[in-house]
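Each chain, letter by letter, is given below.
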Amino acid sequence: MIFNIPYIAVAVLILLGLYALIFKRNLIKMVIGITLIESGVNLFLITLGYRKESIAPIYTSSPGGVMAFPVPQALTLTSIVIGVAVIALMLSLVMHIYRHYGTLDVRKVRRLKE
Amino acid sequence: MNVPDYTIALVVAIPLLGAFLTPLVGRINDKLRNIFVILVLTLNAFLVFLLASDVLTTGIKTYVFGAQDISYPIVRILFEVDAMSIFMAIISSILVTVAVIYSWSFMKENTGLDKYYTLILLLTAGMLGMVLTGDMFNFFVFLEITSIASCALIAFWTHKGESVEAGFKYIVISAMGALFVLFAIALLYGQYNALNIALLSSVIQYTFLDKIALVLLIVALAMKAGIVPMHMWLPDSYGSAPSSISIILVSATLASLYGVFRVIFTLYGNVLSKIANFGIPVNVLIGWLIVALAVISILIGVFMALIQSDFKRLIAYGAVAELGYMFLGIGTGIVALGTAYGKTALDGGIFHVINDALDVGLLFLVAGAIYYATKETSLDKLGGLARNMKYTTVFFIIGFLAVAGMPPLNGFASKLLIYESTFQLNPILAIVAILCSILLLAVFVKVFYSAFMGPQLPKFKDVKEVPKSMLFSMGIIACIIVIFGLFPEFIINNLVEPAANALIGYSEYISQVVVGGI
Amino acid sequence: MFTVETGSGFWNPIIWVIAIVVTFLLIYILRSLGKKGYKKDTEQVKSFLSGNPEYPKEKMHIKASNLYWGFTTSLKGLYTLLRKMHTGNTSDYVLWFVIILAIFLLVEVI
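Definitions and cut-offs
- All residue numbers refer to positions counted from 1 along the written sequence of the respective chain.
- The lettering of chains begins at A and the numbering of ligands begins at 1, in the order of writing.
- Predicted model: local features are reported for residues with pLDDT of at least 70 only, side-chain atom pairs are reported and counted for 80 or more only, and whole-chain, interface and lining totals are derived from all residues.
- For side-chain calculations, the full set of non-hydrogen atoms in the structure is used, while hydrogens and water are omitted.
- A run of H or I in DSSP becomes a helix once it reaches four residues, and a run of E becomes a strand once it reaches two; helices and strands are each numbered from the N terminus.
- The globule rule used here is 2.2 Å times the number of residues to the 0.38 power, and the radius of gyration it is set against is calculated over C-alpha atoms.
- In this scheme, a residue with accessible area under 20% of its type's maximum is buried, one over 50% is exposed, and one in between is partly exposed, where area comes from a 1.4 Å probe on protein chains only.
- Residue contacts are counted whenever heavy atoms from the two residues lie within 4.5 Å of one another.
- Two parts lose some accessible area (1.4 Å probe) when they are put together, and adding that loss for both gives the buried area.
- Think of a salt bridge as a Lys or Arg side-chain nitrogen and an Asp or Glu carboxyl oxygen that are within 4 Å of each other.
- Each polar contact in these results corresponds to two N or O atoms within 3.5 Å; when the atoms are within protein, one needs to be able to donate a hydrogen and the other to accept it, and residues that are neighboring in sequence are counted only if both atoms are side-chain atoms.
- Following the grouping adopted for this structure description, the nonpolar residues are Ala, Val, Leu, Ile, Met, Phe, Trp, Tyr, Cys and Pro, the charged ones are Asp, Glu, Lys and Arg, and the polar ones are all others, Gly among them.
- Residue ranges labeled as domains rest on an automatic or database domain assignment.
- Only residues whose relative accessible area exceeds 30% and that form no salt bridge enter a patch; like-charged residues are grouped when within 9 Å of one another, and nonpolar side chains (Val, Leu, Ile, Met, Phe, Trp, Tyr) when within 5 Å.
- Where accessible areas are quoted, they stem from the Shrake-Rupley method and a 1.4 Å probe; at the residue level, only the protein chains shown are allowed to cover.
- To define axes, lines are fitted to C-alpha atoms, for helices over the stretch in contact only, and angles between the resulting N-to-C directions are given on a 0 to 180 degree scale.
- Orientation labels follow simple angle bins: below 35 degrees gives roughly parallel, above 145 gives roughly antiparallel, 65 to 115 gives roughly perpendicular, and whatever is left gives oblique.
- We call a crossing left-handed when the near helix sits turned anticlockwise from the far one by less than a right angle, and right-handed when that turn is clockwise.
- Side-chain rings of Phe, Tyr and Trp, where Trp is taken by its six-membered ring, are said to pair if the distance between their centres is within 6.5 Å; with planes under 30 degrees apart they count as stacked, over 60 as edge-to-face, and otherwise as tilted.

Details of the overall build of chain B
Logical step 1: In terms of regular secondary structure, chain B is built from 19 helices and two strands.
Logical step 2: Taken against the 2.2 N^0.38 rule, which gives 24 Å for 518 residues, the C-alpha radius of gyration of chain B at 22 Å falls within 12% of a compact globule.
Logical step 3: When the backbone C-alpha atoms are referred to their principal axes, chain B occupies close to 70 × 60 × 40 Å.
Logical step 4: Burial status across chain B gives 71% buried among its 518 residues.

Given below as structure tokens:
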């Protein structure tokens, strides 16, 4: 049971992110929702790579024993870097939206409809 | 013609390097930068064509980034190019090259064009990477590159509130979609310890987690492709972006569509005939879900296009309907996998991908030309433009007849294949498709009447024909449309049929990597 | 080269091209049979609106939104529904994604 806690946390984070995206009206909070989903997925990836009592996979100076598989960590790093770019772009857009619309309420930021 | 394997790497690397060189070249001279970008993309398109001629004659090509040694089988990225990948790569490179030529005059009065061209080249690298890669995580990375670059380009006119709003909506949708794709990839990776599509496909079991991963991948990628009812970001972003960007966005969404095909046909190719819930095979279940979404797409796309008064939003809703036709063809192909009419439907769907990209692209260019000449996008304020803009009118006529599927243009050939094959699946589908095609014609007749016909309005008396570079790029696409319309069998035999066979013959895709030991 | 076999029929664009060319020829012949007594810049070219004065050109051009008025009015119920569906609210876009995801999961997994 105790080993399932990370997976439960993943589900909770993703659902919280979706909740924020759907029910929160502030654009900044929606951006936070996206970051929550992203953290959930990253946590999932990193949990997949966990091996009990394993060591860092440095082949040249290995003390012996089980090595953790490095791919999930590499994937997570890439995902985090991409996430930073996405969040930065989103926040800059939110800034521009505030400049044009004078509000951050998602219900009022809808000149484009129908 | 035989080309070395590293051409695959070059096709992605050249736009990427060009993207980082563009700001440097831009410091010297604006014209030089434009020529540089056009040269880079033309060279790239040339390489794509060379690669295509090789792949279509000799079969699947692979290229390995990273460890060549089989003893570390995971620390590397594999690019695998089959006929379907190269088919999409051809579409992307044609549309991007045309868009860049078009931008020469269209974006002339804007500032910050260094960034504009850099982003276009990044977007090209992302799209080509998406369609050429054979690795799931790599697919995700290129998907994100594509969405970030296209979001920045949608919001390029930051002085307009609508553009920024559309950019925000697009990035929310695509960031969320891409994260769900990553989640599905993680689900697959956690079970099979592999990221390579071919390797995954050879071991996939269709467990409970695989089902979830399949649903997440299909729905997230279909949303990025813009299928109803997840299409609402599409008219927003197509309508608010500069026209030269709208045409590139068409091919970016089609790259996501390619993702759907790849996932269903190749990644889950081995388990498609398994019996799922209710005693129905998997392919029938997924196929009918996709057909249902496709029919809704066609209906809502056409009905919404009918009441639009903004030129580009109207075309965007038309594009949603066209997307429905593609999904209808492919969905029928999935339901009737293995039968003769299923193959015809698949052919029609894939042929429609390239036809739609060209037709809708041409219409966006025409909308941009009208905006350039009159600074007006609302159809209510336009009128009588055919007197001043003769060539643009001709291109518009070609474009809208092709989109509406009027013989003898290319849209008809693919739609005919879709009609005939869906009729054998269920006659109602074919009836809906034909009726909506007629409505689509009505939609564009409205545009034609209100923008081009009618008396000459006094405020448009001095409107001039658009510059040559814009006419030239519209002319290229119009020529391709007419050629595709006149030689449908040539195109189907040489481009579409191999792509359809590549989708159905997933075992070849797998064996190239797994048995070949690459 | 030209003919596409569709399984139950065929499609050949050349036949259509020939048909279109013949039609245009016929139209041209019919047009050339018309009256030759047309004079430019005379009373002949003025539009006749039962004696009413001619409106300025902006008013004579039917606006795009009014073109299919009959069609949209007769389908008013459908269009109010469609308009209500397209709210333009970003949260609703996400909501639609979640709904479709749920439907697919229900059909596919459970």
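From this point, the narrative continues.
Comments concerning the overall build of chain C
Logical step 1: Helix and strand content of chain C: five helices and two strands.
Logical step 2: Along chain C, helices and strands appear, N-terminal first, in the series β-β-α-α-α-α-α.
Logical step 3: The globule rule puts the C-alpha radius of gyration for 110 residues at 13 Å, and the 27 Å found for chain C is more than 25% above it.
Logical step 4: Reported as C-alpha extents along the three principal axes, the dimensions of chain C are approximately 80 × 50 × 25 Å.
Logical step 5: When the 110 residues of chain C are sorted by exposure, 23% land in the buried category.

A word on the interface of chain B and chain A
Logical step 1: Contact with chain B, which involves 40 residues of that partner, is made by 36 residues of chain A.
Logical step 2: Overall, the association of chain B and chain A removes approximately 3300 Å² of surface from exposure, summing both partners, and the carbon and sulfur fraction of that is 83%.
Logical step 3: Among the salt bridges present, the one from A:Arg111 reaches B:Glu162, with a minimum N-O distance of 3.8 Å.
Logical step 4: Between the two partners, chain B and chain A, sit seven residue pairs in polar contact (both at pLDDT 80 or more).

With respect to the interface of chain B and chain C
Logical step 1: The partner chain C presents 46 residues to the 70 residues of chain B that form the contact.
Logical step 2: When chain B packs against chain C, the two sides together hide about 5200 Å² of surface, and 77% of this comes from carbon and sulfur.
Logical step 3: For the pair chain B and chain C, the interface holds eight residue pairs in polar contact (both at pLDDT 80 or more).
Logical step 4: When contributions to the side of chain B that touches chain C are tallied by element, the ones reaching two or more residues are helix 6 (161-192), helix 8 (208-225), helix 9 (233-240), helix 11 (282-306), helix 15 (410-425), helix 16 (427-452), helix 17 (468-486) and helix 18 (488-504) of chain B.
Logical step 5: Counted by class, the side of chain B that touches chain C contains 52 nonpolar, ten polar and eight charged residues.

What about the side chain of B:Ser244?
Residues and elements named next belong to chain B.
Logical step 1: Within the secondary structure, Ser244 sits in helix 10 (residues 243-267).
Logical step 2: Engagement of the side chain of Ser244 in a polar contact is seen with the side chain of Tyr116, the distance being 2.6 Å.
Logical step 3: Each residue touching Ser244, except ones within four places of it in the same chain, is listed here: Ala99, Tyr102, Ser103, Phe106, Met107 and Tyr116.

Describing the domain arrangement of chain C
Logical step 1: Domain assignment breaks chain C into domain 1 (1-34) and domain 2 (75-110).
Logical step 2: Each of domain 1 of chain C and domain 2 of chain C has a C-alpha centre, and these two points are 44 Å apart.

Things to note about a nonpolar patch on the surface
Logical step 1: On the surface, A:Ile2, A:Phe3, A:Ile5, A:Ile8, A:Val12, A:Leu16, A:Tyr19 and A:Phe23 cluster together into a nonpolar patch covering about 830 Å² of accessible area.
Logical step 2: Here A:Leu16 falls in the partly exposed class, since its relative accessible area comes to 41%.

Digging into the pattern of salt bridges
Residues and elements named next belong to chain B.
Logical step 1: What the rule picks out here adds up to twelve salt bridges over all chains.
Logical step 2: When the shortest N-O distance is used, the salt bridge between Lys343 and Glu497 registers 2.4 Å. Placement of the pair is Lys343 in helix 13 (residues 340-374) and Glu497 in helix 18, with a sequence separation of 154 residues.
Logical step 3: Of the residues examined, Glu497 reaches a relative accessible area of 22% and is grouped as partly exposed.
Logical step 4: Beyond isolated ion pairs, a larger network of salt bridges with shared partners links Glu165, Lys169, Asp236 and Arg313.

Observations concerning the packing of helix 6 of chain B against helix 8 of chain B
Residue and element names in this part refer to chain B.
Logical step 1: Orientation of helix 6 relative to helix 8, taken along the N-to-C sense of each, is 155°, at an axis distance of 9 Å. Taken as axis vectors, helix 6 and helix 8 run roughly antiparallel relative to one another. Here the hand of the crossing between helix 6 and helix 8 comes out left-handed.
Logical step 2: The residue makeup of the contact of helix 6 with helix 8, split by class, is 18 nonpolar, three polar and two charged.

Focus: the environment of B:Trp104
All names here are of chain B.
Logical step 1: Mapped onto the secondary structure, Trp104 falls in helix 3 (residues 83-106).
Logical step 2: Take Trp104: its relative accessible area is 25%, and that puts it in the partly exposed class.
Logical step 3: Taking C-alpha positions, Trp104 is 18 Å from Pro15, a pair spaced 89 residues apart along the chain.
Logical step 4: Setting aside its immediate chain neighbours within four residues, Trp104 contacts Lys31, Asn34, Ile35, Ile38, Tyr117 and Ser469.

Regarding the environment of B:Leu503
Residues and elements named next belong to chain B.
Logical step 1: Here Leu503 is to be found in helix 18.
Logical step 2: Leu503 sits in the buried class, given a relative accessible area of 0%.
Logical step 3: The spatial distance from the C-alpha of Leu503 to the C-alpha of Ala319 is 24 Å, given a sequence separation of 184 residues.
Logical step 4: Beyond its immediate chain neighbours, meaning those up to four positions away, Leu503 contacts Met84, Phe261, Arg262, Phe265 and Ile350.

Some thoughts on the packing of helix 3 of chain B against helix 10 of chain B
Residue and element names in this part refer to chain B.
Logical step 1: Close contact between helix 3 and helix 10 brings their axes to 8 Å; oriented N to C, the two are set at 170°. The angle between helix 3 and helix 10 falls in the class roughly antiparallel. Contacts from Met84, Ser85, Met88, Ile91, Ser92, Leu95, Val96, Val98, Ala99, Tyr102, Ser103 and Phe106 in helix 3 reach Ser243, Ser244, Ile247, Ile248, Val250, Ser251, Leu254, Ala255, Tyr258, Phe261 and Arg262 in helix 10.
Logical step 2: For the contact of helix 3 with helix 10, a count of residues per class yields 16 nonpolar, six polar and one charged.

Considerations on the packing of aromatic side chains
Residue and element names in this part refer to chain B.
Logical step 1: Using the criterion set out here, one finds 27 aromatic pairs over all chains in the structure.
Logical step 2: Summarising the aromatic geometry, the rings of Phe65 and Phe79 are spaced 5.0 Å apart at their centres and angled 65° between planes, so their arrangement reads as edge-to-face. Residue Phe65 is located in strand 1 (residues 61-66), and its partner Phe79 is located in strand 2 (residues 76-81); the two are separated by 14 residues in the primary sequence.
Logical step 3: For Phe65, a relative accessible area of 32% corresponds to the partly exposed category.
Logical step 4: Judged by its relative accessible area of 3%, Phe79 falls in the buried class.
Logical step 5: A ring pair is formed by Tyr170 and Trp233, whose centres lie 5.3 Å apart and whose planes are at 65°; its orientation type is edge-to-face. With a gap of 63 residues between them, Tyr170 in helix 6 and Trp233 in helix 9 connect regions that are remote in the sequence. For the pair shown, Tyr170 and Trp233 are each scored as buried.

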